[in-house]
Amino acid sequence: MKRQEHSVTRQEWVINLVIKVSGYSSILFVTLIFLFLMREGLPALANAPLSSIFGARWYPIEGYFGIWPLLFGSVIVTLGALLIGIPFGVGTSVFISEIAPPWLNNIIKPVIEILAGLPSVVLGFLGIQVAAPFLRRLLDLPTGLSAFTGAVLLALIATPTIVSITEDALNTVPVSYRQAALALGATRWQTIWGVTVPAARSGILTAVMLGVGRSIGETMAVMMVTGNAAVLPHGLDALFKPVRTMTATIASEMGEVANGSPHYQVLFFIGIVLFVLSLAVNIVASSMSLRGRTRSERVLS
Amino acid sequence: MKRHLFVTYLLLLLLLAGCTVSSAQGAAEGASSEATVSIQNKGSDTIVNLALAWAERYQALHPETRISVTGGGSGTGITGLIDGTVDIANASRAMKAEEIDAAKANGIEPKEYVIARDAIAVIVNPENPVNRLTLEQISLIYRGVITNWMEVGGDDRPIVLLSRETNSGTHVYFLESVVRLGNKSDKTIFAPETLLLPSSEGIISEVRDNPNAIGYDGLGYVTSEVKVVAVASRAGEAYVLPSAETVNDGKYAISRDLYMYTHADASQAIRDYMDWILGPEAQAIVTDLGFVPVNP
């Protein structure tokens, strides 16, 4: 009997250790990845002239390493995706959690999960064959391979993330809020727009920030449909012009560069920029959700 | 008791996993001791279909040889040759001096074979009324000086420039021979508005769909859904469409040699393969695929 107890504690100890190691390993991996990025990318600042890195032209095989057009490309595609994705995503989740009857929800939710599971290269293929030609004719653009087409695809890719988190946020709004609003004579739309959505806004902001993170890191779909022309914007119509994103640049050029060359280091430097951007997005997202929690705790107490 | 079983099961699984790894290693060693030779062939997307056709025919003739062919661009193949991960690098451009230096620094002496010739076709949408351009007009279009089809006798439409990515040998060739017109001291590059597409198929599908577009691609890739433009090497000379004849007699201006690179001290199997490629049977496949065979 005693022996058995002993072996049980041993088991506990081993299992605890395994769980701890897997928990800490994620911290270790992120740190190692970050150190690796720094080691490979930071020498770019020394080996490629700064005037070139912060220049306006990206043409690496002739020594033009300007990252501004790439940064701009990523930002504009992501912003475009949010402009389309937020109303679409939030609208969908309001419909799911407030309006749709349960039988319809049983159809919509799995479909959105399928959308989340679609490989982005498949969406990219649809984009290049269907969306780009269609948008070119519809908007009378010189070419359909533009930031806007990329933004449409990214909105589709970010929607499942936005929908699932927004829906969770809406579901945590106490039923009493809605009942109070309705009792005061508010219509259903007034209740949703004036009470439920504002009460869930911190959750919605988190959803949006995670959507940003999902969009800015997406590679394959944008590489296929944005045309990959590294241009700085000349006007407000830049959303409808071709752009080149940071992720697409890394993906299409990493295979050919010689190890340790300035071009290689600049690609890693772009990796650092991406890493820092998504880190910032994540920090903002988590600080928002924390702030939201303290506020709701304050309200309830 | 149940927990006990679970732990035992886990341990067993781990042990089994270890077993499979070691037995797989054993199998690999067994295979390599037989007569099969495997050749890694990688590089230019222009050559990839040709290399695949050659590899299939050669493997049918010599079942003991396995050739795996992958694309990725000339630069990718040459980088692989330098790193020692590739036996034969396909390239649609000659190796650059710094690449040869890098290979030598790794203890590899590259050996060059010209295995076929390729014409670069300049293509437009069939709806586009422009049928012919001079080399200089094409250069000005890709420099971003000519931006409307009206300036070269077409409709009033903006010109959308399409190009392969910078890791493509076709891109480098086009830059040096067309955009810079072969002038080595000229440091002009493509207009920043040029769309860099990751594949030949991307260029063909955009040209097929978009009447504003102009693109270029290896003659072997051009389909009947796009229109090939006749090119004159300078104003006043004859406009010539690309074909095997016009490339071999030098009338078509935009053509180049295609290369394969091996180590100078490559194995007998690789040397046999290269000899076969330069022979009549393999060169007949070159013609079938729309390229131009090398004259003996």
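Residues numbered from 1 in each chain as written. Chains lettered and ligands numbered in written order. Predicted model: local features only at pLDDT ≥ 70, side-chain atom pairs only at ≥ 80, totals over all residues. Heavy atoms only, no water.

### Examining the overall build of chain A
- When helices and strands are tallied, chain A shows 13 helices and two strands.
- For chain A, the residues scored as buried account for 45% of the 301 residues in total.
- Summarising the internal contacts of chain A: among those between residues at least 6 apart in sequence, 73% fall at separations of at least 24.
- Taken as two groups, the 19 positive and 14 negative side-chain charges of chain A have centres that lie 7 Å from each other. (Helix = DSSP H or I, 4+ residues; strand = E, 2+ residues; numbered from the N terminus. Buried < 20%, exposed > 50% of the residue type's maximum accessible area, 1.4 Å probe, protein only. Contact = heavy atoms within 4.5 Å. Lys, Arg positive; Asp, Glu negative; His and termini not counted. Charge placed at Lys NZ, Arg CZ, Asp CG, Glu CD.)

### Re the confidence of the model for chain B
Residue and element names in this part refer to chain B.
- Across chain B, pLDDT averages 85, with 88% of residues at or above 70.
- Across residues 10-15, confidence stays below pLDDT 50; counting only partners more than four residues off in sequence or on other chains, it has zero contacts.
- Scored below 50 in pLDDT, residues 17-34 makes one contact in the model with residues more than four places away or belonging to other chains.
- Across the interface, the model reports ipTM at 0.80; the global pTM reads 0.77. (pLDDT = per-residue confidence, 0-100.)

### Some points on the pairing of strand S3 (residues 88-91) of chain B
Residues and elements named next belong to chain B.
- Of the two faces of S3, the one carrying Ile-88 and Asn-90 and the one carrying Ala-89 and Ala-91 are both buried.
- Two elements, strand S1 (residues 37-43) and S3, share three bridges in a ladder whose sense is parallel. Bridge assignment links Asn-41 to a residue of S3, and that residue is Ile-88.
- Judged from the three bridges that link them, S3 and strand S11 (residues 255-263) form a sheet pairing that is antiparallel. Each residue of the ladder has a partner; that of Ala-91, found in S11, is Tyr-259. (Pairing = 2+ DSSP bridges.)

### Structural notes on the nonpolar core
Residues and elements named next belong to chain B.
- Counting residues in hydrophobic clusters, the biggest one holds 69 residues, and the most contacted among them are Tyr-142, Phe-174, Ile-214 and Ile-254.
- Looking at this core element by element, the count peaks at six residues for strand S4 (residues 110-124).
- The contacts of Phe-174, once residues within four sequence positions are left out, are Ile-120, Val-122, Ile-138, Tyr-142, Val-179, Phe-190 and Tyr-216.
- Judged by nonpolar contacts, the second largest core, of 27 residues, contains Val-48, Ile-67, Tyr-221 and Ile-285. (Core = buried A, V, L, I, M, F, W, Y, C linked by side-chain atoms within 4.5 Å.)

### Examining the domain arrangement of chain B
Residues and elements named next belong to chain B.
- Taken domain by domain, chain B consists of domain 1 (36-117 + 257-288) and domain 2 (118-255).
- Distance between the C-alpha centres of domain 1 and domain 2: 27 Å.
- Contact with domain 1, which involves 14 residues of that partner, is made by ten residues of domain 2.
- When residues of domain 1 are sorted by the area they lose upon contact with domain 2, Asp-45, Thr-46 and Arg-117 head the list and together hold 48% of the total.
- The partner of Arg-164 in a salt bridge is Asp-45, with the nearest N and O atoms 3.1 Å apart.
- At the boundary of domain 1 with domain 2, the tally comes to four residue pairs in polar contact (both at pLDDT 80 or more).
- Counting only elements with at least two residues in the side of domain 1 that touches domain 2, the list comes to helix H2 (48-61), helix H3 (74-83) and S4.
- For the side of domain 1 that touches domain 2, the leading source of residues is H3, giving three residues.
- Split by residue class, the side of domain 1 that touches domain 2 holds three nonpolar, eight polar and three charged. (Domains from an automatic or database assignment. Buried area = accessible area lost by both parts, 1.4 Å probe. Salt bridge = Lys/Arg side-chain N within 4 Å of Asp/Glu carboxyl O. Polar contact = N/O pair within 3.5 Å; in protein donor to acceptor, adjacent residues only side chain to side chain. Nonpolar A, V, L, I, M, F, W, Y, C, P; charged D, E, K, R; others polar.)

### Considerations on the packing of helix H6 (residues 120-139) of chain A against helix H7 (residues 200-209) of chain B
- Across the interface, H6(A) lies against H7(B) with an axial gap of 11 Å and an inter-helix angle of 35°. Once H6(A) is placed against H7(B), the crossing between them reads as right-handed. Here H6(A) contributes Gln129(A), Pro133(A), Arg136(A) and Arg137(A) to the contact with H7(B), which in turn contributes Ser205(B), Arg208(B) and Asp209(B).
- Its residues assigned to classes, the contact of H6(A) with H7(B) shows one nonpolar, two polar and four charged. (Axes fitted to C-alpha atoms, helices over the stretch in contact; angles between N-to-C directions. Left-handed = near helix turned anticlockwise from the far one by under 90°.)

### Observations concerning the interface of chain A and chain B
- With 31 residues of chain A at the contact, the number on the chain B side is 34 residues.
- The junction of chain A with chain B conceals about 2,600 Å² of combined surface from both sides, 52% of it contributed by carbon and sulfur atoms.
- Ranking the residues of chain A by area buried against chain B places Gln11(A), Arg57(A) and Tyr59(A) at the top, with a combined share of 20%.
- A salt bridge links Glu165(B) to Arg244(A), with the nearest nitrogen and oxygen atoms 3.1 Å apart.
- In this structure, the connection of chain A to chain B is made through 13 residue pairs in polar contact (both at pLDDT 80 or more).
- Sorting the residues of the side of chain A that touches chain B by element identifies helix H1 (2-41), H6 and helix H12 (246-253) of chain A as the ones contributing at least two each.
- When the residues that make up the side of chain A that touches chain B are grouped by side-chain class, the tally is 13 nonpolar, ten polar and eight charged.

### What to know about the environment of Thr187(A)
- When you line up the elements, Thr187(A) lands in the loop between helix H8 (175-183) and helix H9 (188-199).
- A C-alpha to C-alpha distance of 41 Å links Thr187(A) and Gly217(A), two positions 30 residues apart in sequence.

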